[in-house]
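Now for the letters of each chain:
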Amino acid sequence: MLELTGLIPAIPFFSFLLLAIFGPRMARRAVSIIGAGSIGASAVISGIVTASFISAPPADWSYHQVIWQWMSVSGFQADIGFYLDALSVVMVLVITFVAFLIHVYSTEYMEGDEGYSRFFAYMNLFVASMVTLVLADNLLLLYLGWEGVGLCSYLLIGFWYSDPVNGRAARKAFIVTRVGDTSMVIGLFLIFDRLGTLNLQELMHRATLQWPVGAAVAVAAAALLLGGAVGKSAQLPLQTWLPDAMAGPTPTSALIHAATMVTAGVYLIARTHVLFSLAPPVMLAVAVIGAATLLLAGCSALTQRDIKRVLAYSTISQIGYMFLALGVGAWSAAIFHFMTHAFFKALLFLAAGAVIQAQHEEHDIFKMGGLRRMIPITFWAFLISGCALAGLPLITAGFYSKGMILWGAWSSPQGGPALWIAGLVGVLLTSLYIFRVIFVAFFGQAQIPVEHPPRLAKNLPMVVLSALSIGAGWVNLPSYLGNKLWLNDVLYTALPKVAERQVGWITEDWSEGIITAAFALGLLLAYELYLRRRDATRPLTENALGRAIHEFWYADWGFDFVYDKLFVAPVVWFAQVDKSDFIDKFYDGVAAVSRACYRALSATESGRMRWYAASIVGGTVVFIFIVLVL
Amino acid sequence: MILIWFIGILLAGGIACWIAARWSAPVCRWIALGATIADFVLSLALWVRSYPVNLLQQQEWLRQVNWNWFPDAGIHFHLAIDGLSLLLVVLTFFLGIVSVLASWTEIREGVGFFHLNLLWVLAGITGVFLAVDLFLFYFAWELMLIPMYFLIAIWGHERRVYAAVKFFLFTQLSGLLMLISILALYMIHHSATGVYTFEYSELIGTSMPLHTAIWVMLGFFIAFAVKLPMVPFHTWLPDAHTEASTAGSVILAGLLLKTGAYGLLRFVVPLFPAAAHWFSPIATVLAAIGIIYGAVLAFGQTDLKRLVAYTSVSHLGFVLLAIFVWNKLALEGALITIIAHGISTGALFVLVGGLQERIHTREMDRMGGLWHTIPRLSGAAMFFAMASIGLPGLGDFVGEFLILLGTYKVSVGLAVAAAIGVLASTLYGLKFIQRAFHGSNVHHWELHDLFAREVVIIAPMIVILLWLGLFPRPVLNTFVPAMQKLQEQAARQYQAYERGQP
Amino acid sequence: MFALGTIGLLVRRNLVFTLMSIEIMLNAAGLAFIVAGAHWMQADGQVMFLFILAMAASEVSVGLALLLRLYHQHGVLDTDSASEMKG
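Rules used in this analysis
Residues numbered from 1 in each chain as written. Chains lettered and ligands numbered in written order. Predicted model: local features only at pLDDT ≥ 70, side-chain atom pairs only at ≥ 80, totals over all residues. Heavy atoms only, no water. Helix = DSSP H or I, 4+ residues; strand = E, 2+ residues; numbered from the N terminus. Rg over C-alpha atoms; globule rule 2.2 N^0.38 Å. Buried < 20%, exposed > 50% of the residue type's maximum accessible area, 1.4 Å probe, protein only. Lys, Arg positive; Asp, Glu negative; His and termini not counted. Charge placed at Lys NZ, Arg CZ, Asp CG, Glu CD. Contact = heavy atoms within 4.5 Å. Areas by Shrake-Rupley, 256 points an atom, 1.4 Å probe, with all protein chains shown as cover. Buried area = accessible area lost by both parts, 1.4 Å probe. Salt bridge = Lys/Arg side-chain N within 4 Å of Asp/Glu carboxyl O. Polar contact = N/O pair within 3.5 Å; in protein donor to acceptor, adjacent residues only side chain to side chain. Nonpolar A, V, L, I, M, F, W, Y, C, P; charged D, E, K, R; others polar. Axes fitted to C-alpha atoms, helices over the stretch in contact; angles between N-to-C directions. Parallel < 35°, antiparallel > 145°, perpendicular 65-115°, else oblique. Left-handed = near helix turned anticlockwise from the far one by under 90°. Expected span 1.5 Å × (residues − 1). Pairing = 2+ DSSP bridges. Core = buried A, V, L, I, M, F, W, Y, C linked by side-chain atoms within 4.5 Å. Bend = angle between axes of the 7 residues up to and from the residue. Patch = residues over 30% accessible without salt bridge, like charges linked within 9 Å, V, L, I, M, F, W, Y side chains within 5 Å. Phe/Tyr/Trp six-rings, centres within 6.5 Å; stacked < 30°, edge-to-face > 60°. Lys NZ or Arg CZ within 6 Å of the ring centre and 35° of its normal.

Visitor: I'd like a description of the overall build of chain C, backed by residues and values.
Guide: Within chain C, the secondary structure is distributed over three helices and zero strands. Over its C-alpha atoms chain C spans a radius of gyration of 16 Å, topping by over 25% the 12 Å that the globule rule assigns to 87 residues. Projected onto its principal axes, the C-alpha coordinates of chain C cover approximately 50 × 25 × 20 Å. For chain C, with 87 residues in total, the buried portion stands at 25%. Between the averaged position of the 4 positive side-chain charges in chain C and that of its 6 negative side-chain charges there is a distance of 12 Å.

See the structure below:
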């Protein structure tokens, strides 16, 4: 059954073509069925392939399918080929399933929009590209999927193109991620130049043979790939595009900017883990970037008023956790968190979308209130996913995955207390900011009456994802609950195990306990500040220092400002100043000189006979002089 | 003989058009269309028949025509075609069909003379790609010039005379330098072997001291560099492209620029490999500068057509880079880029020209929100803009990636600079879409979406770009034997030169 | 004498005087020929003078015709006024 793998990206791609060409003329129903149905088909096939893979695993736990030979040029070969192993199986399953739920949700969310078929076309193309990215057997095909998702992200962020603000956000996303992509593509050149291939398994094999650990070329290659990952996954220093990307429709944010595209960087690092393992400085960088980002974004999330922007910063922060896991060598923990995060973050966004549409397109949480009685299913969805995000012990998925990451940060040979503490502070921040949103928007007095409460197409996916947000963590039960790491066992066939060592007296149970305490502290603080006494935070933000910090965190720690001054403004200035191309001035100068010569010489054609006679006489005299003297 | 047909149909068709237009303009257009389609079909037939790879590899030339012209001076009427020229000739006729169709409603006065010039410029271009006798090559080079001048000067836009004269002066002067070089080569060959000949295959291998070779090469190089165009000789291009009519721009961008690339591939490096090797640091650095400078300048334009024009400077910088890097990967990438750029930029000009016909302006400030009223044209424009910025899956990416891969082997710095150029291209691509098609329809345009005629032009171009992007093998297979021949010739010459060194 | 004629040609603006200066130059040349012929005892000098005489006569007639035309066109006999070929 594994041969069906090729269909997983193919079906959404053909659906895209169909919708792009004929969409505007099709009935809404047809578009919904084709748009969501194609992803559903993909999800079903992924399920079949996964079941087949796990129940009857192929030799060496890997399966390779080549569709056709893309390029074979003087020693460089790249195919359109798909590689299936535990890592890609997990990714594809999660991606297609979550995507399907989001597409179903979108059939109701986007029903009033005149770009209905265009939306589904773009979303389908996105899923096709993302699946290609994940299944690619070589870096060039992966790069094709990579850029494809970048393109779709641009198209979808700027979906409501009439508003130039959306266009600016879309452009910012595309350009910032492309900066990362440029770094990645240079990495591709380096890898091909030194290893002679871009086929993933082949290149990793050759790297282990040819490059010693810590070799400069390995560090360079891994660092360049990291550049690409950082751009796509919105980590420091390329995280500035994600908050603005919330300008797109909420299902887009759910799919692209929560569950899938932003995790492409995580996937890339996990997929090329051999290269990263050969470059310890880069691994450290990954972990440090992850830790720094999760803190930074957590602080920024605390100050946001727009419900989607809170979730955007939350995404940046959670991906920071995944990077942290990758950086300390806890590969499967990162993928575990990817899975749980896909479920609860998508659910958070879907619920937020339901809230926004129920509140007359209002995004500001401080203008909302009392929603828990008015849209109960949405409230419970948001609450469950919020708890999963914060890590409510035992009954939410996020608890298990985050716990595993933090334990890895503490116990891995590349980890250490500093990283663990950063993660811990992050837990506190997460708990605080998400409960802030819950208490402010869902509790208290209702301010805006509800219109368009969510119906079946929105509610059903939310319910399903809620169940997953609760139960998805149980595939990996930690040591104090029986140590049944089913998911990890599957992943270990593709990714190396993280070595554990005992540091100090903290064991996994203690780690979990401290994390739970942080979670509870955050919950209590949020309760105090936002529910019990609504303007408790006022004195904090009123004084000068508080206000300065608030503004600073609100503006994403000033990154936008710096980038604008350093990069954007000079290029724009130069382009405008040199619009008529200063090089042309040289040629205009040549033309001016020849015109001047023309004017000078034409002065000798005075038309007067005496002048001509005089010049004849003068010339004759000179000539005679020359002949006689020389 | 088929080579004579290629050129002859165009020449005869042009004259027939001119005469027919006295009675009926539509008849003239149909004759022009018929001539270009006939030539295109013939060239495709030749391609299909010659495709088996071993056939391509066995012979140096797939077809030849060699007649005496002025035998005492060593001038022959020698046309020859190999994999490289075959692909370019197919591209020529395809874009010829596109330009005839694109000017169907745009050109209203002087229809006959317009099509005469159009077909004769195509004939000149075909001649350039097919000529193997240097005198004939120069003849065809100049033949391209005059009809193009008329095409810009008579049917162009506001500053057409300025643009046409500028184009003419730049190309003519650089062509004169090439003539001097050709004659110099002729004389040197005579003094070395006692034979007067302009024949390409005999002139290869003419040995001369390095400093002489450098000067002679520079004469050729400047002619092709102006055509390509290379910074700093590129300034004729924005004006010529902007002021020409749609067909003129398509031919300029899609074909004329490629003649420069062709000349570098066919003549400059094989004839003077040592000089080219000496010159390559300068040429490659200028190419990299051109890539970035062209992209940044494109970003700064407010005239939509001028923006597209500057993108040509940027893209052909890649080709120049590849040629002077001269390794297999880069050269194959260069060929793909040549074809893909011809198609994608040609399509962009067709779309911008169609837009100009509808709203009578090229200023982006007067546009905005056009997607509301002409979604299909906007969608097509988005597709080709994405191709232009190197989206994988489309032809331009394959070419640029291969070029960069090849360049990296020679110089990391150049590859990084060129990659930054690709990043810069994102700026102009997005600006192009944003200003014209996205945003709100502040000027309240209500326009007619794509006509059937435009769909007939655009749809095949989309398919070709996708085909080049995902399945470039047939094209590459056709090119590789020709490329290998060129590389062997250059290598042999270079080794001879090295042996001659003390 | 030749020099005198040349100066006269260059300086005078009236066309009549220009023609007279040309006559002086011609006569000067003729005188030079006669003197040379007398000096070297050859008859060629006098033959040349006859040629010059004939040429001068025809030239004067053409010149006077042109002068009349110029006067007709411009109303003055100023050579500087006929500068339409300027530039």
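There's plenty left to go through after this.
Visitor: Run through the overall build of chain B, naming residues and quoting values.
Guide: A count of helices and strands for chain B gives 19 helices and two strands. Compactness check: chain B gives a C-alpha radius of gyration of 22 Å against a globular reference of 23 Å for 502 residues, within 12% of the reference. Taken over the C-alpha atoms alone, chain B extends approximately 75 × 55 × 45 Å along its principal axes. Counting across all 502 residues of chain B, residues that qualify as buried make up 68%. Here the contacts in chain B between residues at least 6 apart in sequence split such that 82% fall between residues at least 24 apart. Carbon and sulfur atoms provide 68% of the accessible area of chain B, an area that totals close to 15700 Å². Both charge centroids of chain B, one from 26 positive and one from 25 negative side chains, sit 3 Å from each other.

Visitor: Account for the interface of chain B and chain A, naming residues and giving values.
Guide: Facing the 59 residues of chain B at the interface are 46 residues of chain A. Between chain B and chain A, the buried area comes to about 4700 Å², and carbon and sulfur atoms account for 70% of it. In this structure, the connection of chain B to chain A is made through two salt bridges. Taking the shortest distance from any N to any O, the salt bridge between K166(B) and D584(A) comes out at 2.9 Å. Along the contact surface separating chain B from chain A lie 16 residue pairs in polar contact (both at pLDDT 80 or more). Within the residue set of the side of chain B that touches chain A, elements represented by two or more residues are α7 (160-193), α12 (273-300), α14 (328-359), α15 (375-388), α16 (395-410), α17 (412-436), α18 (452-470) and α19 (473-500) of chain B. The element that contributes the greatest number of residues to the side of chain B that touches chain A is α17(B), accounting for twelve residues. Within the side of chain B that touches chain A, the residues separate by chemical class into 38 nonpolar, 15 polar and six charged.

Visitor: Which residues make up the packing of helix α9 (residues 210-227) of chain B against helix α11 (residues 246-271) of chain B, and what values go with them?
Guide: Residue and element names in this part refer to chain B. Between α9 and α11, whose axes approach to 7 Å, the crossing angle comes to 155 degrees. The angle between α9 and α11 falls in the class roughly antiparallel. When the axes of α9 and α11 are compared, the crossing they make is left-handed. Contacts between α9 and α11 pair M217, F220, F221, F224 and K227 from the former with L256, L257, T259, G260, G263, L264, F267 and V268 from the latter. When its residues are assigned to classes, the contact of α9 with α11 shows nine nonpolar, three polar and one charged.

Visitor: Break down the pattern of salt bridges for me, with residues and values.
Guide: Applying the stated rule across the entire model yields 24 salt bridges over all chains. Among the salt bridges present, the one from R271(A) reaches D85(A), with a minimum N-O distance of 2.9 Å. Here D85(A) lies in strand β2 (residues 76-85) and R271(A) lies in helix α11 (residues 264-271), a separation of 186 residues in the sequence. Of the two residues examined, R271(A) and D85(A), each falls in the buried class. The salt bridge involving R178(A) is made with E147(A); its shortest N-O contact spans 2.9 Å. Of this pair, R178(A) sits in helix α6 (residues 164-195) while E147(A) is found in helix α5 (residues 139-157), placing the two residues 31 residues apart along the sequence. E147(A) carries the same exposure label as R178(A), and that label is buried. Through salt bridges that share partners, D584(A), R159(B), K166(B), D239(B) and R306(B) make up one connected network.

Visitor: Let's hear about α5(A): which residues, and what values?
Guide: All names here are of chain A. Helix length check: α5 (19 residues) gives 26 Å between terminal C-alpha atoms against 27 Å at 1.5 Å per residue, within 8%. Extensive coverage of α5 is indicated by the burial of 19 of its 19 residues. Between the side-chain oxygen at the start of α5 and the backbone nitrogen of L140 there is a gap of 3.0 Å, and the oxygen is on N138.

Visitor: Got a sec to walk through the pairing of strand β1 (residues 62-73) of chain A? Specific residues and values, please.
Guide: All names here are of chain A. Summarising the sheet, β1 and β2 pair through ten bridges and their orientation is antiparallel. For M71, the partnering residue across the bridge sits in β2 and is A78. Here β1 folds back onto β2 in antiparallel fashion, the turn holding two residues, of which S74 has a positive phi close to 45 degrees.

Visitor: Help me get a handle on the nonpolar core, residues and values and all.
Guide: Judged by nonpolar contacts, the single largest core of 435 residues is most densely connected at F76(A) and F432(B). In terms of residues, this core owes the most to one element, helix α15 (residues 331-358) of chain A, which gives 21 residues. Ignoring anything within four residues of it in the chain, the contact list for F432(B) reads L304(B), L307(B), V308(B), L348(B), V352(B), A381(B), A385(B) and F437(B).

Visitor: Account for the interface of chain A and chain C, with residues named and values stated.
Guide: With eleven residues of chain A at the contact, the number on the chain C side is 14 residues. Buried surface at the junction of chain A and chain C, summed over both partners, amounts to about 950 Å²; 61% is from carbon and sulfur atoms. By the criterion of area lost to chain C, the three top residues of chain A are G607(A), M609(A) and R610(A), representing 50% of everything that side buries. Here chain A is connected to chain C by zero salt bridges. For the pair chain A and chain C, the interface holds two residue pairs in polar contact (both at pLDDT 80 or more). Considering every element that reaches the side of chain A that touches chain C, the biggest residue donor is helix α27 (residues 609-629) of chain A, with six residues.

Visitor: Talk me through helix α2 (residues 28-55) of chain A; I want residue IDs and the actual numbers.
Guide: The end-to-end C-alpha distance of α2(A) is 40 Å, a good match for the 40 Å that 28 residues give at a rise of 1.5 Å each. Maximal helix bending in α2(A) amounts to about 25 degrees, located at G37(A).

Visitor: Talk me through a nonpolar patch on the surface; I want residue IDs and the actual numbers.
Guide: All names here are of chain A. On the surface, V622, F623, I624, F625, I626, V627, L628, V629 and L630 cluster together to form a nonpolar patch covering roughly 980 Å² of accessible area. Along the chain, V622 falls in helix α27. In this structure V622 comes out as partly exposed when scored by relative accessible area, which is 47%.

Visitor: Can you break down the arrangement of the chains residue by residue, with the values?
Guide: A comparison of contact numbers over the two pairs of chains in contact places chains A and B at the top. A minimum C-alpha distance of 23 Å separates chain B and chain C, which share no contact.

Visitor: Could you give an account of the environment of M609(A), with specific residues and numbers?
Guide: Of note, M609(A) is situated in helix α27. By relative accessible area, M609(A) is classed as partly exposed at 39%. With residues near it in sequence (within four places) discarded, M609(A) still touches T18(C) and T79(C).

Visitor: Run through the side chain of T260(A), naming residues and quoting values.
Guide: Of note, T260(A) is situated in the loop between α10 (250-259) and α11. What T260(A) contacts, discounting residues up to four positions off in sequence, is I95(A), F126(A), M130(A) and L255(A).

Visitor: How would you sum up the environment of A340(B)? Please name residues and give values.
Guide: Its place among the elements puts A340(B) in helix α14. The spatial distance from the C-alpha of A340(B) to the C-alpha of G254(B) is 9.3 Å, given a sequence separation of 86 residues.

Visitor: Lay out the packing of aromatic side chains with the relevant residues and their values.
Guide: Within this structure, the stated rule accounts for 64 aromatic pairs over all chains. Considering the side-chain rings of Y116(A) and F120(A), the 5.1 Å spacing of their centres and the 65 degrees angle between planes classify their relative orientation as edge-to-face. In this pair, Y116(A) and F120(A) are both assigned in helix α4 (residues 116-135), four residues apart and thus about one turn of the helix distant. Given a relative accessible area of 3%, Y116(A) falls into the buried group. Ring centres 5.2 Å apart and planes at 85 degrees place the aromatic pair F129(B) and Y262(B) in the edge-to-face group. Placement of F129(B) in helix α5 (residues 111-130) and of Y262(B) in helix α11 is noted, with a sequence separation of 133 residues between them. Taken individually, F129(B) and Y262(B) each receive the classification buried, so the pair is uniform in this respect. Ring pairing ties together the aromatic residues W67(B), W69(B), F70(B), F77(B), F135(B), F139(B), Y186(B), Y196(B) and F198(B), which thus form one cluster. The ring of F299(B) has K431(B) sitting right over it, with the charged end atom 5.3 Å from the ring centre. Here the guanidinium or amino end of R12(C) rests over the ring plane of F17(C), the centre of that ring lying 4.0 Å away.

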